[in-house]
Structure formats: structure tokens, C-alpha cells
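Fold and contact review
Letter by letter, the chains look like this.
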Amino acid sequence: MATSTSPSAQSTAPAVTAAIQVYDTLTKTKRPLKTVRPGHVGIYLCGPTVYKEAHIGHMVGPVIFDTISRFLRYSGYDVEWVVNITDVDDKLIAESQRRGIPMAQVATQMTGDYCANLLEMGVDQITHMPRATENMNEIIAFIGELIEQGFAYEAEGDVFFDVARDAEYGKLTNRRPEDQQGEGGKAATKKRNPGDFALWKTAKPNEPAWESPWGQGRPGWHIECSAMSRRLLGKTFDIHGGGLDLTFPHHENEIAQSECCHSAPMANYWMHNGLMRAGDAAGKVGGKSDRDQAAEAGEQATVDTKISRSKGAGGLRSLLSRHTGERVRFFLLRTHYRSTIVFSEEGLEEAGAALDKFYTFFERYERIMGRPFYLDPDETKEDRRLITRRVDGEIETAGDELLAEVAKLRASYLAKMDDDFNTGGAASDLFLLVNTLNRTIEQQGLEQGKGTEAQKAAFARASETLRELSALLGIFFKPIQRGGGGNEQALANCVELLLTMRAEARKNKDFATADRIRNDLTAAGIVLEDRKEGTLWKVG
RNA sequence: GGCGCCGUAGCCAAGUGGUCUAAGGCAGCGGAUUGCAAAUCCGCCAUCCCCGGUUCGAAUCCGGGCGGCGCCUCCA
């Protein structure tokens with residue numbers, strides 16, 4: 001496969017890399033990314049309906065698209081990424097009635113929860129987060145245009161999209177309305193065809209409602225995405241994303257609305273991430289089989305709490321109390337975004353064990369270089385979005401063996417990212433990179449201060465590449481938290497005291513005492529590491 | 001019933017026509033190092049669900065099985 005990752009090709013190439021391949025669900029093909037506007041990528045990702053706290057399944061899309069955004073920006077694109085917030089919908093109304101508070105309050109609370117979780121996961125690339133209720137004029141106007149063009153009709157205060165008028169309807173998921181088994185739902189009697197879907201729903205008493213040409217009501221689910229994507233990204237934009245479960249009916253209907261209205265493609269690439277499922281049972285996390293199981297169990301509690309108790313996959317908040325956001329993010333990115341991810345506590349633990357390899361290296365780096373591997377927060381706060389550009393990360397090997405190897409790994413890593421954002425494959429190169437770095441430390445005795453200046457410089461440059469590449473996955477930005485609270489100094493003093501005692505015991509070959517101190521410290525959560533230069537400890 | 005996806009070592013997982021007698025991680029096993037450990041380094045650990053076909057050549061393409069999963073219900 002042709003890539004432009006060789007150093008010589010890069011230096012003369014334009015700012016934007018032409019080698020990025022994207023898989024498109026609509027055409028079922030992988031093809032080079034060609035954007036509507038040169039150097040600019042518009043991405044629309046279907047966001048959450050904010051009626052309940054988020055679970056881990058809701059993070060899959062944001063994490064992968066955050067990573068894609070980073071990679072595109074790094075590759076020279078100006079990225080505009082929209083994630084919508086659905087803050088008006090049947091479930092929101094139900095939740096507000098159950099809790100006896102206004103729908104808007106539920107939405108605000110849950111949007112806050114969602115955003116807090118995003119930040120915890122390192123998702124900070126989003127450009128716009130438009131809310132449906134703040135785009136009513138746009139939505140109503142869009143519906144009006146569809147009616148005007150004959151693609152939609154009004155029926156007793158409801159407005160439906162007329163599927164029969166769209167010759168291409170069903171092209172995304174390869175289905176025809178007449179093959180479907182559904183009977184059209186509650187509003188079936190008002191519809192011309194069972195497959196017609198609501199653009200506008202007339203309000204029942206005591207429901208939130210907006211004024212429209214068809215009376216008081218609220219928008220249907222799909223129309224907000226057509227209206228808001230047009231407002232922010234234009235009639236035709238580059239990438240539309242979402243979970244695989246949204247292909248039908250949601251995305252199919254978005255395509256119908258937007259493409260009938262504009263006689264133009266809605267998005268040039270449709271990207272769908274795989275769903276997450278629970279490890280011990282069938283069904284995706286939060287999905288149908290979960291709901292069925294909960295129903296069968298006759299639980300009083302809502303279906304979603306049942307999921308959290310039975311699968312351990314419930315509220316993100318509790319998950320993030322057991323695992324760092326970085327760990328969860330890495331767990332998600334180790335699998336290709338189009339694959340199903342099987343959720344399990346063990347899988348998360350394993351991701352953590354893998355990350356420890358890097359954390360250990362960062363400590364070695366600090367001992368050698370005398371400064372943290374992580375960038376100073378002040379250095380990154382201005383533009384944490386982009387640590388470096390692809391072209392700036394090119395390595396001058398200057399005949400150095402280490403740098404030559406690092407350059408090779410970097411090229412391999414970038415080639416995998418170029419190929420439909422293969423984060424799992426790319427991550428493997430990160431492990432090879434850290435292994436190379438560790439080997440260099442061993443061979444050159446860098447921790448004993450033995451290396452030459454040139455060797456140290458090469459090591460520093462190679463480490464810089466590790467930071468550059470890991471930043472693309474959105475990991476290793478901030479120091480990991482070890483120890484806790486304001487007692488850190490006191491803890492350190494106590495441990496140092498015990499280490500002094502142990503050192504004396506070892507000097508006297510009193511290994512029984514030395515081992516007892518180490519074992520008891522281990523039991524207390526302090527892990528020791530004896531080195532030539534002295535004993536290191538950390539809260540493990 | 002219709003439309004799709006998936007099946008690679010004990011586990012997770014990349015690869016989707018030759019460089020694959022198949023990456024990487026976790027676990028495990030040998031060795032170096034260590035007073036013993038830990039960490040690190042070196043080494044070991046799979047012929048790709050089954051059967052048939054296409055091809056000079058298949059984990060990769062086609063057909064048929066078996067097994068798992070999703071959508072067709074306003075679920076990311």
C-alpha cells in the first residue's frame with residue numbers, strides 16, 4: 001500500500017497527508033480521504049440523549065472520534081467536529097415526569113455528567129456541542145422545506161416523512177420499506193406507510209412544546225441531526241459517525257431527509273463504531289438483551305440500574321472510581337473501532353497492566369533526564385489539542401542506530417493510523433518503541449550515567465517520538481496519580497525511615513529483617529525496587 | 001422472515017491474496033540481573049472454527065456447514 005510516511009516523501013509533501021484511508025459504511029469500501037474543502041474536515045457524530053447517566057458504551061464513539069480528530073489535526077487538517085446533544089425526546093419527558101422536575105433540568109444535569117465523563121476520558125477535541133432545543137428555528141425551517149418539496153406531509157398536528165417519495169430510501173442499510181415487519185408504531189393510523197417516520201410530533205397536555213406551523217409540538221428524533229449538521233457543517237460534509245446500532249433507522253432517515261431536501265449527498269464517509277457487549281452474557285451493554293433480561297427478572301428498578309448491577313458495566317462514575325480514564329481509553333483503543341468490544345473487568349485490569357510498562361519507563365526517563373516525561377501542564381495548556389505536527393516529528397537519524405529503529409517504528413505506526421485509523425495495530429508499535437528504549441537504557445547504562453552526550457541526545461529524541469505518537473491516541477498527557485491527598489510528605493518520610501532501617505539490615509546481611517520490611521510494606525501497598533543507586537519505592 | 005457483522009495462541013488482539021512456518025499485550029515457562037525479590041533485558045509459547053473450491057500461492061477470495069452477535073422497537 002502506498003503511504004507517504006517515508007521521511008523524504010514527507011518533507012516535500014503538502015501539509016495535508018493524502019494517504020489516509022477511510023472505510024465508508026454506505027459504499028462498503030475503504031478509500032482515500034478526499035475532503036469537501038481542501039485541508040478541512042467536517043465531522044458530525046451522533047451524541048447522546050441526555051436522560052440518564054452515561055455508561056461505558058456511550059464513550060466508544062467519542063473516544064475513537066477524539067482520536068481520529070487528533071490524528072487528522074496532526075496530519076495537517078483543520079478539523080471541525082460536532083457532537084449533538086439530544087435534549088428533547090420521549091425518554092427525557094418520561095424521566096422528567098418520574099422525577100417531578102422540568103425536562104430541561106434533567107437534560108442539563110445529564111449533559112453535565114456526560115461532559116465530565118468525556119473529559120475524564122481525555123475527550124477534548126469537540127468543536128461544537130449543539131442542543132436540539134437551541135436549534136428549533138433551524139429544525140422547523142428544515143421540516144417546512146421538506147413539506148414544500150413534497151417529501152413530507154402533515155397529519156393531525158404530526159408531520160411525517162413520506163418514505164415512498166424517496167427512491168433511494170434504505171440505501172445505507174440495504175433494506176426496503178415493504179420488507180420491514182414493523183407496523184408503524186402508535187402513530188400508524190396517521191401514516192401513509194408504516195415506514196414513514198415523524199419529523200414533528202404534536203404535543204400532549206403537560207409536555208414541553210414549541211410553536212410551529214403545525215401547532216404546538218416537538219421535533220422527531222432524526223430531524224435535529226439533519227438541521228444542525230447543515231447549519232454547522234453545510235449540506236454536504238465529510239464524515240458522519242455514530243454507533244453501529246444507529247444505522248437503522250436513525251442514519252437511514254437522516255440521509256432521506258437531508259438528501260431529498262438538498263439533492264446532494266449528506267456525508268461523503270459514514271463511519272460506524274462497533275458496539276460494546278457484556279462479557280458474561282449475550283447482548284451489547286445497555287442493549288436489547290440487557291433490557292429483556294431485566295424485564296424477565298421482574299426487577300422493580302429501571303432497566304439501566306439492572307444493567308449496572310448485573311453486568312458491572314453501569315454508571316461510568318463507578319467504573320471510573322475503579323479505573324483511570326486513561327486505562328479505560330486505552331482499553332477501548334486497543335480494539336479496532338469497527339469491531340465489537342467485549343466489556344469485562346478483567347479486560348480493563350489487563351489494559352492497566354499493559355500501561356504499567358509505560359509508566360515504569362517514564363520513571364526511568366525522569367531518573368536519566370532529570371525531568372518528567374510528561375510535558376509541564378503549562379506547556380500544554382495553550383494547545384493541548386496538538387502537541388506536534390506530523391511533518392515536524394520527522395526524525396533525522398544521522399546514522400544513529402537507535403534513531404533509525406525509532407524512525408522505522410514511527411513510520412509503521414503512522415501507516416497503520418493512515419489505514420482507517422487502526423489504533424489497535426498502532427498501539428503495538430508503541431510497545432515495541434518502549435522496549436527499544438528500555439533496551440537502550442540497559443545496553444548503554446544510561447541510568448548509571450554512562451552514556452555519551454550523543455547517546456543521551458538520541459535517547460531524548462527517541463523518547464520525544466514516544467510522546468508524539470502516544471499523544472495521537474490521547475494518552476500520557478498528565479502525571480499519573482500515585483499516593484493520595486495532603487499526607488504525601490508524611491508518607492514519604494515514613495517510607496524513607498523504613499528504607500533506611502532496611503538498608504542497614506541488608507548491610508548486616510540480616511535479610512530476615514530486610515525481607516520483613518519489604519513484605520510488610522508491600523502488604524501496605526508500597527512496592528520496593530532495589531537498584532544499584534539505591535532503593536526506589538512507589539505506591540502500587 | 002428481511003438486512004448485516006464476526007469466529008486468529010490459556011485470555012485480549014493486529015493482519016484480510018505471497019515479506020504470515022501470523023504483530024503486540026496479559027498470563028505462563030526458561031535465562032541474564034538480584035542476597036532473595038521487583039522492574040528491565042534475552043529466549044520459548046498459534047498454521048488462523050470445520051469441509052469443499054478458485055489460485056503457481058489463502059488466515060486472507062468463493063460455496064456449504066457449525067458457532068456467536070447486531071439491526072428491522074426514538075439504544076452510542
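Counting restarts for each chain: residues are numbered from 1 in the order of the written sequence. All chains are assigned letters beginning with A, and all ligands numbers beginning with 1, in the order in which they are written. In view of the model being predicted, local features appear only for residues whose pLDDT reaches at least 70, and side-chain atom pairs are presented and counted only at 80 or more, with totals across whole chains, interfaces and linings using the full set of residues. Working from all heavy atoms in the structure, the side-chain values ignore hydrogens and water.

Section: the pattern of salt bridges
Where charged atoms of side chains with opposite charge meet at close range, the side chains can pair. Within this document, salt bridges are pairs made up of a side-chain nitrogen of Lys or Arg and a carboxyl oxygen of Asp or Glu, the two lying within 4 Å of each other. Within the structure shown, the criterion is met by 39 salt bridges. Ionic pairing is found between E529 and R531, a salt bridge with its closest N-O pair at 2.8 Å. Among the ionic contacts, a cluster of salt bridges with common partners joins R364, R367, E442, E447, E529 and R531.

Structural notes on the nonpolar core
Formed by 117 residues in total, the largest nonpolar core has its most connected members in L72, L146, F361 and L466. In DSSP terms, a helix is any run of H or I states spanning at least four residues, a strand is any run of E spanning at least two, and both are numbered starting from the N terminus. Per-element accounting of this core gives the leading share, 11 residues, to helix α12 (residues 345–369). Any two residues whose heavy atoms approach within 4.5 Å at even a single point are treated as in contact. Ignoring sequence-local partners within four residues, the contact set of L146 consists of F151, A152, F161, L199, I223, Q257, C260 and C261. Think of a nonpolar core as a cluster: buried Ala, Val, Leu, Ile, Met, Phe, Trp, Tyr and Cys residues, connected wherever their side-chain atoms sit within 4.5 Å. Burial classes follow relative accessibility: with a 1.4 Å probe on protein chains only, a residue under 20% of its type's maximum area counts as buried, one over 50% as exposed, and anything between as partly exposed. In terms of nonpolar packing, the next biggest core, distinct from the first, is built from 14 residues, C46, L246, I255 and M266 among them.

Here's the deal with helix α6 (residues 223–233)
Most of α6 sits out of view: 10 of its 11 residues are buried. Regarding α6, the residues found buried are I223, E224, C225, S226, A227, M228, S229, R230, L232 and L233.

Re the sheet that holds strand β6 (residues 158–161)
Note on pairing: two strands pair once DSSP finds at least 2 bridges between them. The strand order across the open sheet built from 4 strands is β5-β6-β7-β8, with neighbouring strands paired in antiparallel fashion. Edge positions in the sheet fall to β5 (152–155) and β8 (217–219), since each has one partner strand and no second. Direction aside, neighbouring strands of the sheet carry axes that sit 20° apart on average. In this sheet, β8 lies alongside strand β7 (residues 197–202) in antiparallel orientation, the contact comprising 3 bridges. Note that in β8 the partner of K201 across the bridge is R218. Each of β5, β6, β7 and β8 is contacted by helix α5 (residues 136–148), which is oriented at about 120° to β7, the strand it contacts most. For helices, the fitted axis covers only the stretch in contact; all axes are lines through C-alpha atoms, and the angles between them, taken along N-to-C directions, range from 0 to 180 degrees.

Let's talk about unusual backbone geometry
Backbone torsion omega between F248 and P249 reads 0°, so that peptide bond is classified as cis. Considering the arrangement of structural elements, one finds P249 in helix α7 (residues 247–262). In the Ramachandran plot, A398 falls in the positive-phi region, its phi being about 50° despite a non-glycine side chain. Within the secondary structure layout, A398 lies in the loop between α13 (377–381) and α14 (401–418). Overall, A398 belongs to the exposed group, its relative accessible area being 75%.

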